[in-house]
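Okay, here's what each chain looks like letter by letter:
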Amino acid sequence: AFVINPEHYPLTEFEYKHLNNCSLVALLPKEHKYSAMDNIDLGLLKDEKFIFVKESSDDYKQKTMVQERYKEAGFVPNIVQRANDFDTIQFMVASGIGISILPSFCISDSMLSEEVIAIPIKDRINRIEVVVAWNKKNSNPALSKFISIL
């Protein structure tokens, strides 16, 4: 599986290989007061209304890791809406319901439009490690070949 690796809660029951570090981005309406910035401090967004992905379990502490980013920036986000998918989040942002913070790998060109832009969140602490993870006991030879090409 391709997952976000929570840095303070290593995936101890799995083997994993680092693939990439991705930044967080702010998904904003084009007319937003910060839309002209090249990048933005997360703390500047403290008074915004937020759209989050639907609540899920936190078995591997991924949600906890993202929530820590807000705490480090000095605020608890005002979540006004949740959505099941990223396209719905994009439509809500375009409609002015709120903004969203997402890992950059979740943003596709189709999400960005005349109404919505993505601005990187400043600071290295807002980088997310993406890994491929697999069961330590999996001896399938196709798995090792797959991992070797990543």
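Residues numbered from 1 in each chain as written. Predicted model: local features only at pLDDT ≥ 70, side-chain atom pairs only at ≥ 80, totals over all residues. Heavy atoms only, no water.

Visitor: Explain the overall build of the chain here, please?
Guide: Within the chain, the secondary structure is distributed over three helices and seven strands. Traced from its N-terminal end to its C-terminal end, the chain shows the element sequence β-β-β-α-β-α-β-β-β-α. The burial tally for the chain puts 37% of its 150 residues in the buried class. Taking the intrachain contacts of the chain between residues at least 6 apart in sequence as the baseline, contacts between residues at least 24 apart amount to 81%. Working note: accessible area of the chain is about 8900 Å², and carbon and sulfur atoms make up 51% of it. (Helix = DSSP H or I, 4+ residues; strand = E, 2+ residues; numbered from the N terminus. Buried < 20%, exposed > 50% of the residue type's maximum accessible area, 1.4 Å probe, protein only. Contact = heavy atoms within 4.5 Å. Areas by Shrake-Rupley, 256 points an atom, 1.4 Å probe, with all protein chains shown as cover.)

Visitor: Just to check I follow, could you spell out the nonpolar core for this structure?
Guide: Looking at soluble globular proteins, one finds that nonpolar side chains tend to be buried together. With 19 residues, the main nonpolar core has Leu45, Phe50, Ile101 and Ile121 as its most contacted residues. Secondary structure elements with two or more residues in this core: β2 (14-29), β3 (49-53), α1 (62-72) and β6 (116-120). Counting residues per element, this core draws most heavily on β2, at three residues. Contacts of phenylalanine 50, omitting those with residues within four sequence positions, involve Leu45, Tyr70, Phe75, Pro77, Asn78, Ile79, Val80, Gln81, Ile99 and Ile101. Among the nonpolar cores identified, the runner-up in size contains 11 residues, and Val25, Ile51, Leu102 and Val116 belong to it. (Core = buried A, V, L, I, M, F, W, Y, C linked by side-chain atoms within 4.5 Å.)

Visitor: What is the right way to read a nonpolar patch on the surface from this model?
Guide: A cluster of nonpolar side chains, contributed by Phe2, Leu19, Phe146, Ile149 and Leu150, occupies part of the molecular surface with about 480 Å² of accessible area. On the basis of relative accessible area, phenylalanine 2 is assigned to the exposed category, the value being 53%. (Patch = residues over 30% accessible without salt bridge, like charges linked within 9 Å, V, L, I, M, F, W, Y side chains within 5 Å. Salt bridge = Lys/Arg side-chain N within 4 Å of Asp/Glu carboxyl O.)

Visitor: What is the right way to read the pattern of salt bridges from this model?
Guide: Any two side chains of opposite charge can pair, so long as their charged atoms come close to each other. One pass over the structure, following the stated rule, counts one salt bridge. One salt bridge in this structure joins lysine 71 and glutamate 68, with 3.6 Å as the shortest N-O distance. Placement of the pair is lysine 71 and glutamate 68 together in helix α1, with a separation of three residues, close to one helical turn. The exposure class assigned to lysine 71 is exposed, which follows from its relative accessible area of 56%. Residue class for glutamate 68 comes out partly exposed when judged on its relative accessible area of 30%.

Visitor: Would you explain the environment of valine 66 in this entry?
Guide: Relative to the elements of secondary structure, valine 66 occurs in helix α1. The spatial distance from the C-alpha of valine 66 to the C-alpha of proline 103 is 9.7 Å, given a sequence separation of 37 residues.

Visitor: How should the environment of valine 80 be read in this particular structure?
Guide: Checked against the element boundaries, valine 80 lands in strand β4 (residues 78-83). For valine 80, the residues in contact, after removing those within four places along its chain, are Lys49, Phe50 and Ile97.

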